[in-house]
Amino acid sequence: MRRKAVTRSRKRAPHRSQPGAPPGTLVSHHEGETSVEVIAYSSSRFEVWEETEIERLVAKCDAFDVVWINVIGLADLDLIRLIGKTFNIHQLTLEDINNIHQRAKYENFEEYDYFITRMARFDADIENRIETEQLSIILMDKFVLTFQLIEVDCLDPVRRRLKEKSGLIRERGNDYLVYALIDSVIDHYFPIVDQLGDRVTDFDDALQKDETTVSAIEVHQVRRELLSLARLIRPHREMLSRILREPSRFSAQTRLFLNDCMDHALQLGETIETNREICSDLRSYHLALIGNRTNDVMKTLTIVSTIFIPLSFIAGLYGMNFEYMPELKWKLGYFAALGAMAAVAVSLLAWFRSRGWFGT
Amino acid sequence: MRRKAVTRSRKRAPHRSQPGAPPGTLVSHHEGETSVEVIAYSSSRFEVWEETEIERLVAKCDAFDVVWINVIGLADLDLIRLIGKTFNIHQLTLEDINNIHQRAKYENFEEYDYFITRMARFDADIENRIETEQLSIILMDKFVLTFQLIEVDCLDPVRRRLKEKSGLIRERGNDYLVYALIDSVIDHYFPIVDQLGDRVTDFDDALQKDETTVSAIEVHQVRRELLSLARLIRPHREMLSRILREPSRFSAQTRLFLNDCMDHALQLGETIETNREICSDLRSYHLALIGNRTNDVMKTLTIVSTIFIPLSFIAGLYGMNFEYMPELKWKLGYFAALGAMAAVAVSLLAWFRSRGWFGT
Amino acid sequence: MRRKAVTRSRKRAPHRSQPGAPPGTLVSHHEGETSVEVIAYSSSRFEVWEETEIERLVAKCDAFDVVWINVIGLADLDLIRLIGKTFNIHQLTLEDINNIHQRAKYENFEEYDYFITRMARFDADIENRIETEQLSIILMDKFVLTFQLIEVDCLDPVRRRLKEKSGLIRERGNDYLVYALIDSVIDHYFPIVDQLGDRVTDFDDALQKDETTVSAIEVHQVRRELLSLARLIRPHREMLSRILREPSRFSAQTRLFLNDCMDHALQLGETIETNREICSDLRSYHLALIGNRTNDVMKTLTIVSTIFIPLSFIAGLYGMNFEYMPELKWKLGYFAALGAMAAVAVSLLAWFRSRGWFGT
Amino acid sequence: MRRKAVTRSRKRAPHRSQPGAPPGTLVSHHEGETSVEVIAYSSSRFEVWEETEIERLVAKCDAFDVVWINVIGLADLDLIRLIGKTFNIHQLTLEDINNIHQRAKYENFEEYDYFITRMARFDADIENRIETEQLSIILMDKFVLTFQLIEVDCLDPVRRRLKEKSGLIRERGNDYLVYALIDSVIDHYFPIVDQLGDRVTDFDDALQKDETTVSAIEVHQVRRELLSLARLIRPHREMLSRILREPSRFSAQTRLFLNDCMDHALQLGETIETNREICSDLRSYHLALIGNRTNDVMKTLTIVSTIFIPLSFIAGLYGMNFEYMPELKWKLGYFAALGAMAAVAVSLLAWFRSRGWFGT
Amino acid sequence: MRRKAVTRSRKRAPHRSQPGAPPGTLVSHHEGETSVEVIAYSSSRFEVWEETEIERLVAKCDAFDVVWINVIGLADLDLIRLIGKTFNIHQLTLEDINNIHQRAKYENFEEYDYFITRMARFDADIENRIETEQLSIILMDKFVLTFQLIEVDCLDPVRRRLKEKSGLIRERGNDYLVYALIDSVIDHYFPIVDQLGDRVTDFDDALQKDETTVSAIEVHQVRRELLSLARLIRPHREMLSRILREPSRFSAQTRLFLNDCMDHALQLGETIETNREICSDLRSYHLALIGNRTNDVMKTLTIVSTIFIPLSFIAGLYGMNFEYMPELKWKLGYFAALGAMAAVAVSLLAWFRSRGWFGT
Ligand SMILES: [Mg+2]
Ligand SMILES: [Mg+2]
Ligand SMILES: [Mg+2]
Ligand SMILES: [Mg+2]
Ligand SMILES: [Mg+2]
Ligand SMILES: [Mg+2]
Ligand SMILES: [Mg+2]
Ligand SMILES: [Mg+2]
Ligand SMILES: [Mg+2]
Ligand SMILES: [Mg+2]
Ligand SMILES: [Mg+2]
Ligand SMILES: [Mg+2]
Ligand SMILES: [Mg+2]
Ligand SMILES: [Mg+2]
Ligand SMILES: [Mg+2]
Ligand SMILES: [Mg+2]
Ligand SMILES: [Mg+2]
Ligand SMILES: [Mg+2]
Ligand SMILES: [Mg+2]
Ligand SMILES: [Mg+2]
Ligand SMILES: [Mg+2]
Ligand SMILES: [Mg+2]
Ligand SMILES: [Mg+2]
Ligand SMILES: [Mg+2]
Ligand SMILES: [Mg+2]
Ligand SMILES: [Mg+2]
Ligand SMILES: [Mg+2]
Ligand SMILES: [Mg+2]
Ligand SMILES: [Mg+2]
Ligand SMILES: [Mg+2]
Ligand SMILES: [Mg+2]
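All residue numbers refer to position in the chain's written sequence, counted from 1. Here every chain gets a letter starting at A, and every ligand a number starting at 1, in the order they are written. Reporting in this predicted model follows two pLDDT cut-offs: at least 70 for local features of residues, and 80 or more for side-chain atom pairs to be given and counted; totals over whole chains, interfaces and linings ignore these cut-offs and use all residues. Each side-chain value is worked out from all heavy atoms of the structure, with water and hydrogens disregarded.

1. Considering the interface of chain D and chain A
Accessible area lost on assembly of the parts is the figure often given for the size of an interface.
1) Next: Working rule for contacts: check all heavy atoms of both residues, and any pair within 4.5 Å makes them a contact. Facing 66 residues of chain D, the contacting portion of chain A comprises 65 residues.
2) Next: In this description, buried area is defined as the sum, over both parts, of the accessible area (probe of 1.4 Å) that is lost when the two are combined. Its largest share of buried area at the contact with chain A, chain D owes to Gln208, Phe313 and Phe322 of chain D, together 12% of the area lost on that side.
3) Next: Salt bridges are counted wherever a side-chain nitrogen of Lys or Arg sits within 4 Å of a carboxyl oxygen of Asp or Glu. Arg224 of chain A is paired through a salt bridge with Asp204 of chain D; the nearest N and O atoms lie 2.5 Å apart.
4) Next: For this analysis, a polar contact is any N or O atom pair within 3.5 Å, provided that within protein one partner can donate a hydrogen and the other can accept it, and provided that sequence-adjacent residues contribute only side-chain to side-chain pairs. Across the contact surface, chain D and chain A share 22 residue pairs in polar contact (both at pLDDT 80 or more).
5) Next: Elements that contribute at least two residues to the side of chain D that touches chain A include exactly helix 4 (156-164), helix 5 (174-187), helix 6 (189-208), helix 8 (252-317) and helix 9 (326-329) of chain D.
6) Next: For the side of chain D that touches chain A, the element with the most residues is helix 8 of chain D, which contributes 31 residues.
7) Next: Classifying every residue of the side of chain D that touches chain A by side-chain character gives 28 nonpolar, 19 polar and 19 charged. To qualify as a helix, a DSSP run of H or I must reach at least 4 residues; to qualify as a strand, a run of E must reach at least 2; elements of each kind are numbered from the N terminus. We call Asp, Glu, Lys and Arg charged. Ala, Val, Leu, Ile, Met, Phe, Trp, Tyr, Cys and Pro are nonpolar, and the rest, Gly among them, are polar.

2. Here's the deal with the relation of the copies chain A and chain B
1) Next: Residues reaching a pLDDT of at least 70 in both copies supply the C-alpha atoms on which the copies are superposed by least squares. In the superposition of chain A on chain B (RMSD 0.1 Å, axial shift 0.0 Å), the rotation amounts to 72 degrees. Such values leave the two copies arranged in the relation of a five-fold axis. The C-alpha atom lying nearest the rotation axis in chain A is that of Gly319 of chain A; the distance is 4.8 Å.

3. Details of the confidence of the model for chain A
1) Next: Counting all residues, the mean pLDDT for chain A is 87, and 93% of those residues have values of 70 or more.
2) Next: Interface predicted TM-score (ipTM) for the complex: 0.84; the corresponding pTM is 0.86. Each residue gets a pLDDT score, which is the predictor's confidence in that residue and runs from 0 to 100.

4. A short note on helix 10 (residues 333-354) of chain A
1) Next: For helix 10 of chain A, with 22 residues, the first-to-last C-alpha span of 31 Å sits near the 32 Å given by 1.5 Å per residue.
2) Next: When accessible area is computed with a 1.4 Å probe and restricted to protein chains, residues below 20% of their type maximum are described as buried, those above 50% as exposed, and intermediate ones as partly exposed. For helix 10 of chain A, the complete set of buried residues consists of Gly333, Tyr334, Ala337, Met341, Ala345, Leu348 and Phe352 of chain A. Buried residues in helix 10 of chain A, looked at end-on, bunch into an arc of 115 degrees, giving them a common side. Away from its buried face by more than 90 degrees, helix 10 of chain A exposes Val346, Arg353 and Ser354 of chain A.
3) Next: Residues of helix 10 of chain A that are buried in the fold lie against helix 8 (252-317) and helix 9 (326-329) of chain A together with helix 8 and helix 9 of chain D.
4) Next: Looking at the residues trailing helix 10 of chain A, positive phi occurs at Gly356 of chain A, about 75 degrees. Multiplying 1.5 Å by the residue count of a helix minus one yields the expected span of that helix. In this description, one arc is meant: the one made by directions from the helix axis to the C-beta atoms.

5. Digging into the interface of chain A and chain B
1) Next: With 66 residues of chain A at the contact, the number on the chain B side is 66 residues.
2) Next: Buried area between chain A and chain B, both sides added, is near 5,700 Å², and the carbon and sulfur share of it is 60%.
3) Next: Taken as a group, Gln208, Phe313 and Phe322 of chain A account for 12% of the area that chain A buries against chain B, more than any other trio of residues on that side.
4) Next: Where chain A packs against chain B, one counts 9 salt bridges.
5) Next: At the surface where chain A touches chain B, the tally comes to 22 residue pairs in polar contact (both at pLDDT 80 or more).
6) Next: Listed by contribution, the elements that provide at least two residues to the side of chain A that touches chain B are helix 4 (156-164), helix 5 (174-187), helix 6 (189-208), helix 8 and helix 9 of chain A.
7) Next: Per-element accounting of the side of chain A that touches chain B gives the leading share, 31 residues, to helix 8 of chain A.
8) Next: Tallied by class, the residues present in the side of chain A that touches chain B amount to 28 nonpolar, 19 polar and 19 charged.

6. Regarding the sheet that holds strand 6 (residues 130-139) of chain B
Residues and elements named next belong to chain B.
1) Next: We call two strands paired when DSSP finds no fewer than two bridges between them. As summarised here, the arrangement of the 7 strands in space is 2-1-3-7-6-5-4, forming an open sheet in which the pairing is mixed. Every other strand in the sheet has two partners, leaving strand 2 (46-50) and strand 4 (105-108) as the edge strands with one partner each. Strand-to-strand twist of the sheet, defined as the mean angle between neighbouring strand axes without regard to direction, takes the value 15 degrees.
2) Next: Here strand 4 pairs with strand 5 (residues 113-122) via 4 bridges, running antiparallel. If you follow Glu107 over to strand 5, its bridge partner there is Tyr114.
3) Next: Lines fitted to the C-alpha atoms define the axes, with helices restricted to the stretch that makes contact. Angles between their N-to-C directions range from 0 to 180 degrees. The sheet strands contacting helix 7 (residues 216-245) are strand 4, strand 5 and strand 6, and the helix crosses strand 5 at an angle near 155 degrees.

7. Looking at unusual backbone geometry
1) Next: Not every positive phi belongs to a glycine, and Asn88 of chain B is a case in point at roughly 65 degrees.
2) Next: By the secondary structure assignment, Asn88 of chain B is in the loop between helix 2 (77-86) and helix 3 (91-98).
3) Next: For Asn88 of chain B, a relative accessible area of 48% translates into the label partly exposed.
4) Next: If you check the backbone angles, Lys165 of chain E has positive phi at about 55 degrees while not being a glycine.
5) Next: Since its relative accessible area comes to 38%, Lys165 of chain E is described here as partly exposed.

8. Notes on the pairing of strand 3 (residues 66-72) of chain D
All names here are of chain D.
1) Next: For strand 3, the buried fraction is high: 7 of the 7 residues fall into the buried class.
2) Next: Side-chain alternation along strand 3 places Val66, Trp68, Asn70 and Ile72 on one buried face and Val67, Ile69 and Val71 on a second face that is also buried.
3) Next: Relative to strand 7 (residues 143-148), strand 3 runs parallel, the two sharing 6 bridges. Directly across from Ile72, in strand 7, lies its bridge partner Gln148.

9. Quick notes on the packing of helix 8 (residues 252-317) of chain C against helix 8 (residues 252-317) of chain E
1) Next: Between helix 8 of chain C and helix 8 of chain E, the least distance of the axes is 8 Å, while the angle of their chain directions is 20 degrees. Comparing their axes, helix 8 of chain E and helix 8 of chain C come out roughly parallel. The element helix 8 of chain C and its partner helix 8 of chain E pack so that their crossing is left-handed.
2) Next: Considering only residue class, the contact of helix 8 of chain C with helix 8 of chain E consists of 16 nonpolar, 13 polar and 6 charged. An angle counts as roughly parallel when it lies under 35 degrees, as roughly antiparallel when it exceeds 145, as roughly perpendicular when it falls between 65 and 115, and as oblique in every other case. Helix crossings get a hand from a simple test, with the near helix turned counterclockwise from the far one by less than a right angle marking a left-handed crossing and a clockwise turn marking a right-handed one.

10. Things to note about a nonpolar patch on the surface
1) Next: Nonpolar side chains (Val, Leu, Ile, Met, Phe, Trp, Tyr) within 5 Å and like charges within 9 Å form the patches, drawn only from residues with over 30% relative accessible area and no salt bridge. The method behind every accessible area is Shrake-Rupley, applied with a 1.4 Å probe, and residues are considered shielded solely by the protein chains displayed. Among the surface-exposed residues, Tyr324 of chain A together with Leu332 and Phe335 of chain B lie close enough to one another that they form a single nonpolar patch of about 300 Å² accessible area.
2) Next: Note on placement: Leu332 of chain B falls in the loop between helix 9 (326-329) and helix 10 (333-354).

11. Concerning the packing of aromatic side chains
1) Next: For Phe, Tyr and Trp, rings pair up if their centres lie within 6.5 Å, where Trp contributes its six-membered ring, and each pair is then called stacked (planes under 30 degrees apart), edge-to-face (over 60) or tilted (otherwise). The tally for this structure, following the rule as stated, stands at 75 aromatic pairs over all chains.
2) Next: Taking the centre distance of 4.9 Å and the plane angle of 40 degrees together, the rings of Phe322 of chain C and Tyr318 of chain E count as tilted. Of this pair, Phe322 of chain C sits in the loop between helix 8 and helix 9 (326-329) while Tyr318 of chain E sits in the loop between helix 8 and helix 9 (326-329), which puts the two residues in different chains.
3) Next: Given the relative accessible area of 12%, Tyr318 of chain E is considered buried.
4) Next: Taking 5.5 Å as the distance between ring centres and 50 degrees as the angle between the ring planes, the aromatic pair formed by Tyr179 of chain D and Phe257 of chain D counts as tilted. With a gap of 78 residues between them, Tyr179 of chain D in helix 5 and Phe257 of chain D in helix 8 connect regions that are remote in the sequence.
5) Next: Both a distance and an angle decide whether a charge sits over a ring: NZ of Lys or CZ of Arg must be within 6 Å of the ring centre and within 35 degrees of the ring normal. Against the face of Trp49 of chain C rests Lys60 of chain C, its NZ or CZ located 3.8 Å from the ring centre.
6) Next: Here Lys331 of chain E stacks its cationic end above the ring of Tyr324 of chain C, 5.3 Å away from the centre of that ring.

12. A closer look at the domain arrangement of chain A
1) Next: The domain boundaries assigned to chain A delineate domain 1 (35-288) and domain 2 (296-354).
2) Next: Boundaries between domains were set according to an automatic or database domain assignment. Domain 1 of chain A and domain 2 of chain A are separated by 75 Å when their C-alpha centres are compared.

13. A word on the pairing of strand 5 (residues 113-122) of chain C
Residue and element names in this part refer to chain C.
1) Next: Burial analysis of strand 5 places 8 of its 10 residues in the buried class, which makes it a mostly covered element.
2) Next: If you look at the hairpin formed by strand 4 (residues 105-108) and strand 5, you'll find 4 residues sitting between the two strands.
3) Next: Pairing of strand 5 with strand 6 (residues 130-139), which is carried by 10 bridges, proceeds in the antiparallel orientation. Within strand 6, the residue paired with Asp113 across the bridge is Leu139.

Shown next as structure tokens:
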């Protein structure tokens, strides 16, 4: 029922500029295609198309209230620089988009709001291992730009809601779209946290049944993943709290929804912390179990040895080959020796009982 | 006297919308009846009835100062949507009412104040296991709406006080009713915390009498429940502190009472923390006890082995069958050997005493 | 020199109203007499009398600047309700006076300031066990009311100073009297904290002399008492800090004295924390000692066994009764065997020495 | 593959004034040359030269927008005092420049802003050991002064960017130069933190493969270096946060870049904390592994001893030389004894199996 | 090279007033002389004399800009009361001066600023043990008053600078003198912290060379002293931070110097914390070492026992004296037995090797 815990190194190429490089340096770390998906809509219209001719793209967008430009793949740096130039994006933001190992954050520029979020999913190959992708979101007056290295399915539900006009999403502005994206990213942490939480519960149940087949290593692995989840969630919480506190491009109506999103981030954080603490308690409990067992094993050894070693000594005594050993000639010598042995064994057993070594 | 610690998995269906679903999606997680109890009163009048015809309900309420609409069961989503529409409740609030695994919180909407509290009780089947139910409270200008999945007896004392006109509750407005509900929820944590605290005291007493029948697992279980209690109480404290700090629908008079409620929440939090720390100390103490015992057992084994192994060696030596072994022919060989053995044993015993191995 | 550590359960009847009871419910938890001591004074006059006729009491007080009404015993709820009514005390305050297991606090009501403090003393029967009594203080424009379940000697020094006109106490108003009471309560923590600190120092000294007669249980007990002291002191600190921060009935002059009191509370808190940390360090150190000793014992056993077990094997070998064993016939067989044994023993000893097992 | 962990003491001469010395005392702790490198530039001009004639230096600088005076070596106190006098530097700043073991900080003087940063690099001789150098930066209206004891390559990338006019650095003022220096210092922490993080990952991987060749000492060493990195990074974060919060000589444009720098400092801090916690978890896990192994070893010993000790006793019994031992005469005595031994062994094995000692 | 760790109890007479005593009570805890040293100076004049006639002292001081009155010894309470009256010192301050076990603090009175600092030095008799003396400083418009129980050499450097007119001290006002005193007190913590830090480094180095001669007790002692240093430094930091934040008698110029002092306090605090954490890590590492060693010892015992116990059993078997044992008659019985023993030994060794028990 339980997959074998595979272990693989988590060392990674850091995808970072050289130390001391000028800020805004775009270094090509990434390979593969770069595609641009455009999703444009008003309450009554909805269109999706692929477009890499940026100028034409902008021209086509006049007919819509909101235009979401979703860039997938970061290999084509020229395209990214062109988008940057077209939409007036600061070089530091471009660098952040390209450096995909950053904390979630919110930055307010004059011409746009910039958000980094991290989408999490389980690694396909290794049990309980979490992988993350960076999703950069730029909220402008009409456009929403998103950038990601790999197409991850976090955004599918939002695409579907736009297409099917489900909920309010088509009636509201682009700030609501950004909310919907952030909310979807955060919502996707729940199944991950739940699955790790279930593992913790499995461990707890197994230990309580005194099954030590629960190897300490699995507790250790889950605790490490929970740690990295905690480190991922906290910056999202800070990001949301800053959005709610500071003036920004979000309307009062959308802020109510972001508040709901904050609720979820808080709940995630707490569930993670609780599970981390339970893991730590399980570890302590496991140590106590091990200690108890060693004690148990030692008691068995000690009882057996302590009883038989003196008996064997007596036997060895009368196995000696001295010519003059009076007891050996006695008629009842053998039975006297057996009696002495029994007496020694019984009194040792009584002494052990008096020390409580036979209770559990 | 002590019930056997039963262990049962705490995995649970999370009762949550799909990740990325539009906010305000009401998904039917729940089964069973949905009933609406109406408790309407003024200082001089008091009436209780069941009603599911919401329009008629509102019409009947003109004659009362305060109307408490208590919805029990969340299966009938159409009814809940109808209530939402009638009383102008935001879709996010409706979603929160339906998603029953949330932290306590307070939210201020234009038309109402919204509170989530969590009622705790012991699980009926498993010793020391705590279960919680979410109680959603909406405070409007005249109405108080409450929502819960299962009828829990936390609210009975308030119902009784209303009916028997005991205390001030019938003289005050609906803000006082909300206070009375929150206070009753928090008051019901006391017997739970006390019972767990008594368990901790039992453990402490038993360990101090050196009884190790106190299994580490029970300390572990109680500590885990205390952790989940701490996680439950903290958001209530934050909720009360925000109510006391921010302007809201509560009158100055009622705020005095909420302050008293805050006292109790603080006291609960501290008692829980104290007990958690004592559990952690008990765990450390238990480890030390185990270590001491292993030490004790090993000392016994070592003393016995170290004395008898050389003696047995001497006995073995003279049990050898070499043809030419001069000692074997000596008249007093046997007694010399016995004497040598006694000398070895006595000097080993003296050495052990000098190392203090016979003191406790 | 050291009293035997007596152990007694600390479970207690919680003396609380039923969960959900109306606030201000006075439930009779307490038995025995309720007496009212009146201490009335001006700079030049001083009078003490017992009085339970509250109306007469108030009438008699006109002639004094400050009147301290000290209620001892909480059994007579009618008397307490009458005092409440006479002096316009809020029902929540009356409830707090009667519920004697609360944290220290300060509450500002329109007609009075209300303080809860907790007086600590050592239990008469059990070593190092701390007991506390709640002292409720009400500061009105002229009157000071105090309530306590049992007469504790914390207040004696204040009574004496009033009577003997020592210091400034008779020259100042009733706010100074309240300061003097709070100061006396806090001052009485010092000998308790000092005594526990001396115990910790005893443990430290004993462990450093490698005396393990210091049982882990005593460290555990002292640490638990220090924990409960820390929990007692902290709310007093919060109380004083709020008094110093917020406007209240205390004059600027008296605030200087309250500041001195705050100093003492800070010092108590720090001494307790220091001692708690030392206890925790001692525990770790004790564990290391135990581990070292087990290691020591094991080394002894291993050295002895590892040397004699092969020797005994050789002896056993030549104790076999095979008919054809050539060595047994050799003239020097016995001495060759002894020589082989000596060689084995010497090389094993050399090997142990090379591994450093003979150093401490 | 893994270099042997070399260990060397980290005691160091503190390079500090005598306690109680007057502030501003410059004590000569340092030896060697003191050289002054001048890098002067405008958008269109760029010049580098060595100069120790301070007056001439200042005269030559009129033709440039920004002048960076980089002092390498702190032995020539007269030169440093002269620079201090020429540029109006406070004696406390001169003392800080000379005392090279200080925390990163930012101080605002009337005539300049003063920054201390610490450049880190790996020790050349000892694996995983970190060394730091203090870089003092003074930002004046036109000049930037830097002071360091040893030439470290942190500043090379900035020099190169100035020379090659790469990025914006030549277009911006001297505040941007200071940003570029601070940024380069902080950027150079990344490879260090990454390398230590890779060590932690190595340990984790090795432990998970149950390889205990990962010696506890290496975890201990890495954890200590991470601790000192954490202590180094935190003051940089405080420094940046103060620069961003308070008015200073930095333009709004440059502040955007400093904010990016702050991002990196935050990320460093978090990566370090995560790795420290993983180290601590690894330590706990390692302890559990050791406990498990001791348990395993003990179980083997106990099983073997507990089975053979009784058998040997039986053998010893019939090795006794009593004249009258009836069993010895029995025809099948020997086989009966063998049978009894087999029965004892089998029942002991069954008992061990029933206790689960043969499962892992 | 290492002095033997001497252990001595640290219990002490608390030198405190009775609980509940009136504030300002001066109780004579101290013995010995009380002397008054007067150091009066202007930029051009400097005089030192002893004086106990307070009135004459004040009269003589008109000719100087700054007068420092240094009271050494606290036995002569009448003198202290007289000084109090002459300089208008509040009774609470007099009590604080006399109660010499207080935290560092800063209090602003109308007529003076009052500072408590604690001077630390190593105990003369016990290695690594720290002792502290309280230095009370009163800063008035012209006078600086200091009070100490014992003459400690912290103040010597300041006296010398005044006399030799070194640095700025004679040019500045009495606020600069107070700064110089506080700075000297804090500077004197550096050699203490450095020495303890060197001890920690010694321990670290020794453990890394696997020398366990580093007794756990010394780590424990050093960690305890570091704890008490941390408790001493923190209030100094709070004191300096309050001085820098609040308006006081310090000029803007002197505040720059106090800021430098704050730097040093911060650095002290961090070094102490770092060393405390390293101690805690060393303790954990030491525990792991012990566990490893026990494991090692046990493995040796188990290997030897597990091999020889079965061999001895075989030998014992053929040492039995049954009349009918066919193997004993076999020509090659003895060699067959030897062969069987070798086979058992070899296969056990192979099994141990397969479990990795021979790797370190
Ligand atoms: Mg950079
Ligand atoms: Mg960036
Ligand atoms: Mg991250
Ligand atoms: Mg959500
Ligand atoms: Mg991470
Ligand atoms: Mg919600
Ligand atoms: Mg812990
Ligand atoms: Mg959602
Ligand atoms: Mg929610
Ligand atoms: Mg919850
Ligand atoms: Mg309550
Ligand atoms: Mg929970
Ligand atoms: Mg109350
Ligand atoms: Mg209360
Ligand atoms: Mg209540
Ligand atoms: Mg309490
Ligand atoms: Mg308590
Ligand atoms: Mg004082
Ligand atoms: Mg006091
Ligand atoms: Mg004081
Ligand atoms: Mg100095
Ligand atoms: Mg400085
Ligand atoms: Mg530093
Ligand atoms: Mg950077
Ligand atoms: Mg450092
Ligand atoms: Mg960045
Ligand atoms: Mg006092
Ligand atoms: Mg102190
Ligand atoms: Mg101290
Ligand atoms: Mg200094
Ligand atoms: Mg730790």
